[in-house]
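# A closer look at the structure
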There are 2 protein chains.
Amino acid sequence: MKNVIPSVKGTRDFYPEQMAFRTWLYNTMRQAAESFGFQEWEAPILESIELYAAKSGEELVKKQSYVFEDRGGDEITLRPELTPSLARVVAQKQNELTFPVRWWSFGPFWRYENPQRGRTREFFQWNVDMLGVDTPEADAELVAVLATFLKQVGLNPEQVLILVNDRRLMDRQFEKFGIPAGQRLEVSNWIDRREKMKPQEWEAYGRDFGLSGDQLANLKAMLADKQLWQESQELTRFFAAIEALGLSSFVRFDPGIVRGLLYYTGTVFEAWDMGGVVKRSILGGGRYDNLLADVGGEPLPAVGFAMGDVVIELVLKDYGLLPKDLNVNPAPVLVTVFDPAQQAASLKIAARLREAGLNVICYPQAVKLGKQFKYAHRIGARVTVVIGPDEAENGQAALKEMVSGGQQLVDQQDAAEAIRLILAKPGAS
Amino acid sequence: MKNVIPSVKGTRDFYPEQMAFRTWLYNTMRQAAESFGFQEWEAPILESIELYAAKSGEELVKKQSYVFEDRGGDEITLRPELTPSLARVVAQKQNELTFPVRWWSFGPFWRYENPQRGRTREFFQWNVDMLGVDTPEADAELVAVLATFLKQVGLNPEQVLILVNDRRLMDRQFEKFGIPAGQRLEVSNWIDRREKMKPQEWEAYGRDFGLSGDQLANLKAMLADKQLWQESQELTRFFAAIEALGLSSFVRFDPGIVRGLLYYTGTVFEAWDMGGVVKRSILGGGRYDNLLADVGGEPLPAVGFAMGDVVIELVLKDYGLLPKDLNVNPAPVLVTVFDPAQQAASLKIAARLREAGLNVICYPQAVKLGKQFKYAHRIGARVTVVIGPDEAENGQAALKEMVSGGQQLVDQQDAAEAIRLILAKPGAS
């Protein structure tokens, strides 16, 4: 095995077991999004670098994106995030679409980072967005889709909590503290680093870029003020909507939540792993009312979030919530081939069972029956079918239940029904 | 709209309508593959160029692939096809997997070609492969998966036919005609171009690279010999298996089928649009018994095929077979917001209906009811729910059937059941 050509660093191979998990995740996301009426869509995977240049975080485009020239000399980007594509695609048909638009998507993205636990270079992301309405109730709906997903996968608020803030509220506080507009991005980044530094270092860093002692004290008091949201009309309506939706236990105000991406303009939120090993933000989102105009469309309010597949898998694993009984082997029935003379009879019964709606493997070679039964065991087949010379002559088939070992002889025309009865029993597969 | 940042040439935006088609295609492929017990898997999208260098067609890697250096200086390829990744992934776990392995996949691929009808640079491809067995019955199973898909989407053998040949049979013929091993690739390419050139030009081209008059005559006779398969033990067993599977009408021998990719070693097949506008091969596959060893694994026989999404959509459109009634809008229920005072009541009933398993949109803003009803019409909602002050006070909800205009007042606790009854009626959505 040692000479097999290696895969690219930071990518993953999805063997059927891993693929079954990804499909389960995708289906669960679909269920949560569609229960709120969101429509699935998808952007191209290649986009021009121009699309990201305006509004993604600087690090994301300049340091972490896969950018290359194609054979025609155009600069192409492997998309590092979906939101700019969303803005472009909506802007293209802004006069035709029915607003508010509710869209969701699940697909691959790339960032050139150092692979580590919970982080790969090639990853999948769930994106959910609503465009065309600027109400706190719309923001609450996005958070509700997310909370619905978290509940569906079995997480509780002691494990994962959605923390919410509002950039407009923060800006008013910054104004009050005499922090000029030009310094607010720096202050936001400083707030964002609070959990990653020692308190003294963090304060020194704040002083270094120009915060006064008063400003420092005010900002620290603000970060401790869990009731500050009551000064915000938007957040007051937001939390009323969350309560009406029955999701208050999953959602909490946190004045320490700021978001790195430049395009957020209002509500911002992150889901945090509160009790497990990840102990950090596992996804984020918020309101971005300027992005449509930035890509060339008419101004249009928007709110959305994105969640990566790698970190949520890690969190679920950590809490023992990975799904059991994933459908890794779709065929519960194996038709054996008794000998070369019975090849056609086996193919025929397999085709007949498929016609009746069963998923059926017909062993593709007339090897010893023992080997075929061993294969049936290993793939977890629940029923095997044998047609030997006697069965063929009498139009019959021998069915064997793999778990109990029970056998029965049935007319070939009754085989599908008999197999259905076996499969309807509580399985041990 | 004219200033919107453009998309990359040869890519597609999947608006919900296009995405619903893609999802339908994906589900139909899943159904066909799983009915034969194939498991879904997926490879990374980025692979090293080394993986393709050995065995893909020269044009595919050198002229048509997206190749670039990443930030670490590694040469990366956007995968132009799946089979080399499959060989790598299987070779990596060759001692752990249960053979025969039956795997299928549906994902994005890239080729730097001139975009045209039925061809984009970024496209999706369905791949189905069986590894670990070298029988004609395995080859027949792959063709049967494909034929099952064609039948499921409504195509008949007058429209699309699967044409089959065998490279081993061809090699024996070439041997007989005195064509040396070193010239056979050229002869195969020449055969492949037959339909694309005028007969005289095609013959002249054959003479130019060294075919004698006898060889030309023999090759032309061979290409006209529809019974030649009877000289092949493999094809004789293959067609017997196809007949046992009840699929003979979809499958025909054609000595003109050769395949460009170097790695095919036995049975080869293509599906051809016989009656429509495409009038060319719409997909291909075959046996490739040397690829595992070429990527560094132990030798392992394999057979598979790949089909692109763009050309099959074109064929279906051409024959009027695009699916109707795609599920573009998942929510049949719209809860309106009567006024700001009733906001919470509307959110509550929406949450309650979702709890009961319904997909529900709650309008995210207390605009005029008329505007909300108009929205309900445009998205094709079948039921709208109104909670005004009276309904709220009495714990009731007003339901309106959008098609008939019929209205009813129900207790909020009975609303889900009442809506289910309405949705169970034959819809006009």
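Residues numbered from 1 in each chain as written. Chains lettered and ligands numbered in written order. Predicted model: local features only at pLDDT ≥ 70, side-chain atom pairs only at ≥ 80, totals over all residues. Heavy atoms only, no water.

Right, let's talk about the interface of chain B and chain A for a bit. Contacts between chain B and chain A engage 104 residues on the former and 104 residues on the latter. Between chain B and chain A lies a buried interface of about 8,500 Å² when both sides are counted; carbon and sulfur atoms form 60% of it. Between the two partners, chain B and chain A, sit 2 salt bridges. Counting across the chain B and chain A interface gives 40 residue pairs in polar contact (both at pLDDT 80 or more). Ranked by residue count, the leading element in the side of chain B that touches chain A is helix α1 (residues 16–35) of chain B, at 8 residues. Partitioned by chemical class, the residues of the side of chain B that touches chain A number 54 nonpolar, 22 polar and 28 charged. (Contact = heavy atoms within 4.5 Å. Buried area = accessible area lost by both parts, 1.4 Å probe. Salt bridge = Lys/Arg side-chain N within 4 Å of Asp/Glu carboxyl O. Polar contact = N/O pair within 3.5 Å; in protein donor to acceptor, adjacent residues only side chain to side chain. Helix = DSSP H or I, 4+ residues; strand = E, 2+ residues; numbered from the N terminus. Nonpolar A, V, L, I, M, F, W, Y, C, P; charged D, E, K, R; others polar.)

All names here are of chain B. Pairing within the open sheet is antiparallel, and its 3 strands lie in the order β2-β4-β3. The outermost strands of the open sheet, each flanked by one partner alone, are β2 (46–48) and β3 (66–69). Direction aside, the axes of adjacent strands within the sheet are offset by 35° on average. In this structure, β2 lies alongside strand β4 (residues 75–78), joined through 3 bridges in antiparallel fashion. (Pairing = 2+ DSSP bridges. Axes fitted to C-alpha atoms, helices over the stretch in contact; angles between N-to-C directions.)

Turning next to the packing of aromatic side chains. Evaluated as defined, the whole model comprises 39 aromatic pairs over all chains. Relative to Phe305 of chain A, the ring of Trp126 of chain A has its centre 5.2 Å away and its plane inclined at 85°; by these criteria the two rings are edge-to-face. Within this pair, whereas Trp126 of chain A is found in strand β6 (residues 122–131), its partner Phe305 of chain A is found in strand β11 (residues 302–308), the two being separated by 179 residues in sequence. Like Trp126 of chain A, the residue Phe305 of chain A is buried in the burial classification. Taking the centre distance of 5.4 Å and the plane angle of 85° together, the rings of Tyr363 of chain B and Tyr375 of chain B count as edge-to-face. Here Tyr363 of chain B is found in the loop between β13 (360–362) and α14 (369–379), whereas its partner Tyr375 of chain B is found in helix α14, with 12 residues between them in sequence. For the pair formed by Tyr363 of chain B and Tyr375 of chain B, the shared burial category is buried. An aromatic cluster is defined as three or more aromatic residues linked by ring pairs; in this entry it consists of Tyr66, Phe68 and Tyr112 of chain A together with Tyr66, Phe68 and Tyr112 of chain B. The cationic tip of Arg79 of chain A hangs over the ring face of Phe109 of chain A; the distance from NZ or CZ to the ring centre is 4.1 Å. A cation over an aromatic ring shows up here: Arg102 of chain A above the ring of Phe38 of chain A, its NZ or CZ 5.9 Å from the ring centre. (Phe/Tyr/Trp six-rings, centres within 6.5 Å; stacked < 30°, edge-to-face > 60°. Buried < 20%, exposed > 50% of the residue type's maximum accessible area, 1.4 Å probe, protein only. Lys NZ or Arg CZ within 6 Å of the ring centre and 35° of its normal.)

Those residues of helix α7 (residues 184–192) of chain B that sit buried are Arg184, Val187, Ser188, Trp190 and Ile191 of chain B. For α7 of chain B, the angular spread of buried residues about the axis comes to 160°, placing them on one side. (Arc of directions from axis to C-beta.)

By size, the foremost hydrophobic cluster in this structure holds 195 residues, and its most contacted members are Trp126, Phe149 and Leu353 of chain A together with Trp126, Phe149, Ile162 and Leu353 of chain B. When near neighbours in sequence (up to four residues on either side) are disregarded, Ile162 of chain B contacts Val143, Leu146, Ala147, Leu150, Phe250, Val251, Arg252, Phe269, Glu270 and Ala271 of chain B. (Core = buried A, V, L, I, M, F, W, Y, C linked by side-chain atoms within 4.5 Å.)

Time to look at the relation of the copies chain B and chain A. Placing chain B over chain A gives an RMSD of 0.0 Å and needs a rotation angle of 180°, together with 0.0 Å of translation along the axis. Taken together, the rotation and translation relating the two chain copies correspond to the operation of a two-fold axis. Nearest to the rotation axis, the C-alpha of Phe68 of chain B is located 3.1 Å from it, this being the minimum over chain B. (Least-squares fit on C-alpha atoms with pLDDT ≥ 70 in both.)

Here we take up the sheet that holds strand β2 (residues 46–48) of chain A. Residues and elements named next belong to chain A. Taken in spatial order, the 3 strands make up an open sheet running β2-β4-β3, and their pairing is antiparallel. Looking at strand neighbours, the two that pair on one side only are β2 and β3 (66–69), the edges of this open sheet. Ignoring which end each strand starts from, the neighbouring axes of this sheet average 35° apart.

Within the sequence span of helix α14 (residues 369–379) of chain A, burial applies to Gln372, Phe373, Tyr375, Ala376 and Ile379 of chain A. Burial along α14 of chain A is one-sided: seen end-on, the buried residues are contained in an arc of 155°. α14 of chain A presents Gly370, Lys371, Lys374, His377 and Arg378 of chain A as exposed residues on the side facing more than 90 degrees away from its buried surface. Of the surrounding elements, those touching the buried residues of α14 of chain A are β12 (333–335), β13 (360–362), β14 (383–386) and β15 (396–401) of chain A together with β5 (101–110) of chain B. Positive phi shows up at Gly380 of chain A, right after α14 of chain A, with a value of about 80°.

Tracing the backbone through its elements, the reader meets Glu122 of chain B in strand β6 (residues 122–131). No salt bridge is formed by the buried Glu122 of chain B; the nearest opposite charge belongs to Arg79 of chain A, separated by 6.7 Å. Among the polar contacts listed, one links the side chain of Glu122 of chain B to the backbone nitrogen of Ile45 of chain A, at a separation of 3.0 Å. If we skip the residues at most four places from it in the chain, Glu122 of chain B touches Pro44, Ile45 and Leu46 of chain A together with Gly10, Thr11, Arg12, Phe109 and Trp110 of chain B. (Lys, Arg positive; Asp, Glu negative; His and termini not counted.)

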